[in-house]
Amino acid sequence: MITEGKQKIWSDYQKEIPDDHWYYVRSCIRQNFFPASEKMFTEITQKVLGKDLYETPHHTTCGGIAYHCDTIPQETVMTIVARQFALMTEAGYENYVPSCITSFGNYCEILETWHEFPELEAKIRENLWKACKREFKKPKYLAHTSDLIYHWRNAIAAKAKHHLVNKETGEPLKIVEHIGCHYAKMFPSKGVGGAEYPYVLAGMVESWGGQVVDYPERRHCCGYGFRQYHVKANRGYSVSNTHKKFESMEPFHPDAIITNCPGCPYFLDRWQYVIAEQTGKTYGKDGFGIPVFTYEEMAGIILGYDPWDLGLQLHQVAVEPFLDKIGVEYDPKAKYLGMNKEDIMRPELPKSIKCC
Amino acid sequence: MMDFGFSLSKSSTINLDTVDTTLYKKLCDMEPDARICMSCGSCSASCTAASFSGMSLRKVILALQRDQDVRPMLSNCMLSGKCTMVCPRAINTRHLILTLYRIYDR
Amino acid sequence: MKENIVIIGGGIAGMEAAKQLLVLGYNPIIIEQQDHLGGHVSQWHKLFPDMTSSHELLDGLSNQIKDANVFLETKVNSINALGDSYNVILNNGVNIVAKAVLVASGFHLFDAAKKEEYGYGVYDRVITNADLEAWFNKRADARIPEHPKAVGFVHCVGSRDLKAGNSQCSKVCCTTAIKQAIEIKEIFPETEVYCFYMDLRLFGKKYEDFYINAQRDFGVHFIRGRVSEVGETIDNRVQVKAEDTLTGKPLKVTLDLLVLMSGMVCNPRTNELAEMIGLNIDDDGFLKSKDNVYTIMESNRPGIFYAGACTGTKTVPETVAEARAAVLSIHHYLTQA
């Protein structure tokens with residue numbers, strides 16, 4: 001691998017990311033999948049870094065899932081999105097940051113479509129006015145939340161309590177970065193580092209002390225594929241793609257996976273159990289899996305937040321081996337204590353893959 | 001093993017790292033002209049058996065290089081020799097098919 | 001006094017034109033940016049289809065143009081019309097007035113790094129056709145392993161690629177890939193060699209024979225499918241993906257070396273020159289000839305002529321023939337005027 005070659009490409013795909021004043025919109029599914037990730041984002045942005053981040057309960061789905069499942073027409077999605085932009089405009093913001101990768105792709109696609117077909121934008125403005133008497137300005141800047149964490153990666157590193165380094169050996173941990181398909185595959189110029197060698201997560205890993213693993217199937221989709229996973233009969237094909245990725249990364253012995261999509265971390269995490277049940281194979285050390293984190297969780301870990309406050313007990317693959325490697329202290333007995341130290345009960349643990 | 005109602009799909013990818021080309025190499029040793037096939041499809045287009053059975057000598061030669069079983073296709077050949085007449089690379093296709101039979105017979 | 005003819009570009013077209021102009025009694029003046037004559041051919045090792053040594057060819061030509069004026073490491077600063085002549089000002093301060101100018105500024109090799117998915121400049125074992133020729137010449141390139149088990153060639157890199165901005169076929173790459181595949185097999189007989197192609201365009205004399213040779217005598221594998229993605233394995237080899245379109249299935253293979261057949265694209269310097277004097281540029285970026293059938297050597301301006309790959313992708317024999325034709329056109333132009 002020639003690092004300078006990648007750096008050259010990274011320098012070709014940089015985008016302007018304003019440092020402050022963002023209008024934040026959440027994902028439909030992330031709070032169910034990885035409940036503390038979005039909370040962690042607001043915590044880091046507002047409390048740790050002291051930035052202005054605004055959100056409103058009036059925000060709804062962007063329609064992206066339905067659009068990618070082919071159940072609603074694009075004009076409908078555009079009108080939903082027009083309403084989100086109207087909420088941003090009413091709040092007095094012009095920098096728009098969605099937490100979901102598919103939303104980000106959806107917004108990029110809609111803005112690009114309006115740019116190419118202004119008559120369609122005019123029609124959507126009319127639709128919105130007829131529907132709810134709202135008007136909007138288009139965002140001046142559009143970024144994904146991972147772009148912001150990337151932008152602030154060094155500021156986060158400066159406040160870090162832990163590093164992505166094996167505390168026993170001093171070696172950097174080997175981290176696989178996995179980018180959601182809708183982040184840059186549709187519009188390579190909208191992603192930090194482009195679509196072939198995205199830098200958005202790699203930059204965080206480097207800044208926080210880890211070493212990025214580049215393996216042959218790095219660019220391959222996690223397999224979620226919306227209509228594939230959502231139809232049970234197609235799930236075999238969904239999990240097969242995840243399996244292909246794990247087979248390809250296996251020789252590199254990664255310590256963890258970092259992701260920036262709602263679906264990817266969920267499937268890379270949960271499918272490890274399904275693969276273990278079906279093939280008897282696990283990809284971590286001693287029968288464990290490879291822990292999968294969102295970038296907010298990873299940031300939270302290195303900033304020293306309690307792993308159980310980060311919701312890591314909801315992961316299928318045990319995170320404890322990873323926490324032990326970098327020297328995070330945690331109370332194993334508190335794993336299943338929720339808010340106010342109430343017992344949230346224990347999940348049934350599988351035999352096919354080792355869990356703590 | 002737990003039944004999820006779905007399972008891993010088998011990959012259709014041809015992996016040239018692991019493909020076994022012993023048979024193809026044997027064929028090339030006995031019929032060096034097998035190598036100069038350029039997959040034009042004339043043989044299949046003129047084949048007596050093609051439209052009724054799926055026989056295609058073009059596919060047979062390729063399938064051997066991808067380690068796929070060609071016997072079901074080969075068994076449909078009527079040995080009419082029409083393919084030999086049309087092959088632009090002058091491959092003695094009829095002879096090549098007979099050679100393949102011989103290889104499989106061993 | 002002998003009539004000055006300015007030749008812009010000292011590659012094979014400019015050299016051949018100078019040779020012919022000398023024979024006809026003119027004073028050819030070659031202006032070359034590099035510190036040596038020969039252009040792309042000087043970087044090559046052997047030329048298809050006869051495996052001609054490019055250095056012997058160039059040495060022979062150099063000997064025959066000893067009487068020509070040659071400015072190396074020199075650029076044209078400006079060119080403008082002066083009555084029925086052109087005033088060519090060079091960056092070394094020299095001014096030349098000539099009634100005829102021959103543009104022989106050739107092509108640029110496509111920058112393979114632009115096809116990011118192939119990982120040129122990122123993965124250790126990915127090189128270009130030009131890199132491989134340089135290795136044939138010098139046998140020094142850390143990217144080429146001592147005993148490669150498998151080597152792949154990707155045809156049409158940057159050619160026939162609308163997304164890369166090039167609709168044109170580069171003409172020479174199919175034959176070059178086959179030539180280089182055979183050369184690799186000659187050096188490493190045990191190596192498996194794969195050519196990934198979309199179409200094999202083997203139009204010239206002996207080219208198809210070359211292909212049959214590669215198949216029959218060297219066992220080179222031809223896979224009809226364009227490489228879509230390259231990744232690096234843990235042992236620094238490359239995993240290559242393509243569709244095996246003849247079986248209709250995805251295909252992958254791990255290689256010790258991947259050679260990208262970079263195509264020909266227009267020379268941006270030529271376009272600057274064209275702008276100075278108002279020469280038409282075609283939609284492929286190359287110079288636009290009067291027409292593409294009968295007067296390829298003629299420009300839209302009297303007294304300015306073309307030879308070689310400045311007007312489009314050309315083989316060496318085509319370039320040499322065009323240089324001769326351009327010289328005749330110049331001769332007629334000057335004697336009739």
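Here the structure is a predicted model, which means the values were calculated and not measured.

Chemist: Describe the sheet that holds strand β4 (residues 141–142) of chain A, listing the residues and the values that go with them.
Modeler: Residues and elements named next belong to chain A. If you trace the four strands from one edge of the open sheet to the other, you get β2-β1-β3-β4, paired in parallel fashion. At either margin of the open sheet sits one strand with a lone partner, and together these are β2 (53–54) and β4. Where strand β1 (residues 22–25) meets β2, two bridges bridge the pair, whose relative direction is parallel. Counterpart to W22 in the pairing with β2 is L53.

Chemist: Which residues make up the interface of chain A and chain C, and what values do they have?
Modeler: Contacts between the two partners involve 17 residues from chain A, matched on the other side by twelve residues from chain C. Here the side of chain A that touches chain C is composed, by residue class, of eight nonpolar, two polar and seven charged.

Chemist: An account of helix α3 (residues 37–48) of chain A is needed here, citing residue identities and associated values.
Modeler: Residues and elements named next belong to chain A. Turning to α3, its buried residues are S37, E38, M40, F41, I44 and T45. Burial along α3 is one-sided: seen end-on, the buried residues are contained in an arc of 160°. Close packing links the buried residues of α3 with α2 (30–33), β2, α8 (145–151), α9 (153–158), β8 (292–294) and α15 (295–302). Backbone geometry just after α3 places G50 at a positive phi near 65°.

Chemist: Can you explain the interface of chain A and chain B? Please cite residues and give values.
Modeler: One frequently used descriptor of interface size is the decrease in accessible area upon assembly of the parts. With eleven residues of chain A at the interface, the matching set in chain B holds eight residues. At the level of secondary structure, the elements contributing two or more residues to the side of chain A that touches chain B comprise α13 (235–249) and α14 (263–279) of chain A. With six residues, α13(A) is the largest single contributor of residues to the side of chain A that touches chain B. For the side of chain A that touches chain B, the per-class residue count stands at four nonpolar, four polar and three charged.

Chemist: Explain the domain arrangement of chain A residue by residue, including any values.
Modeler: Residues and elements named next belong to chain A. Per the domain assignment, the segments of chain A are domain 1 (19–145) and domain 2 (162–341). The centre of domain 1, based on its C-alpha atoms, is set 26 Å off from the matching centre of domain 2. Elements supplying a minimum of two residues to the side of domain 1 that touches domain 2: α2, α3, α4 (64–68) and α6 (101–116). Ranked by the residues each element gives to the side of domain 1 that touches domain 2, the list is headed by α6, at seven residues. A class-by-class count of the residues in the side of domain 1 that touches domain 2 yields 15 nonpolar, six polar and four charged.

Chemist: Explain the pairing of strand β3 (residues 95–98) of chain A to me, using residue names and the numbers behind them.
Modeler: Residue and element names in this part refer to chain A. Across the two faces of β3 the burial is the same, with N95 and V97 and Y96 and P98 all buried. Alignment of β1 against β3, held across three bridges, turns out to be parallel. Within the sheet, the bridge partner assigned to Y23 lies in β3 and is Y96. Bridge count between β3 and β4: two bridges; the pairing is parallel. Looking across to β4, one finds that N95 is bridged to Y141.

Chemist: Any details on the domain arrangement of chain C? Residues and values, ideally.
Modeler: Residues and elements named next belong to chain C. According to the domain assignment, chain C contains domain 1 (4–106 + 267–336) and domain 2 (112–264). If you average the C-alpha positions of domain 1 and of domain 2, the two centres end up 31 Å apart. With eleven residues of domain 1 in contact, the opposing surface of domain 2 contributes 20 residues. A class-by-class count of the residues in the side of domain 1 that touches domain 2 yields four nonpolar, five polar and two charged.

Calculation criteria
- Residues numbered from 1 in each chain as written.
- Chains lettered and ligands numbered in written order.
- Predicted model: local features only at pLDDT ≥ 70, side-chain atom pairs only at ≥ 80, totals over all residues.
- Pairing = 2+ DSSP bridges.
- Helix = DSSP H or I, 4+ residues; strand = E, 2+ residues; numbered from the N terminus.
- Contact = placed C-beta atoms within 7 Å.
- Nonpolar A, V, L, I, M, F, W, Y, C, P; charged D, E, K, R; others polar.
- Buried ≥ 20, exposed ≤ 12 C-beta atoms within 10 Å, placed from the backbone.
- Arc of directions from axis to C-beta.
- Domains from an automatic or database assignment.

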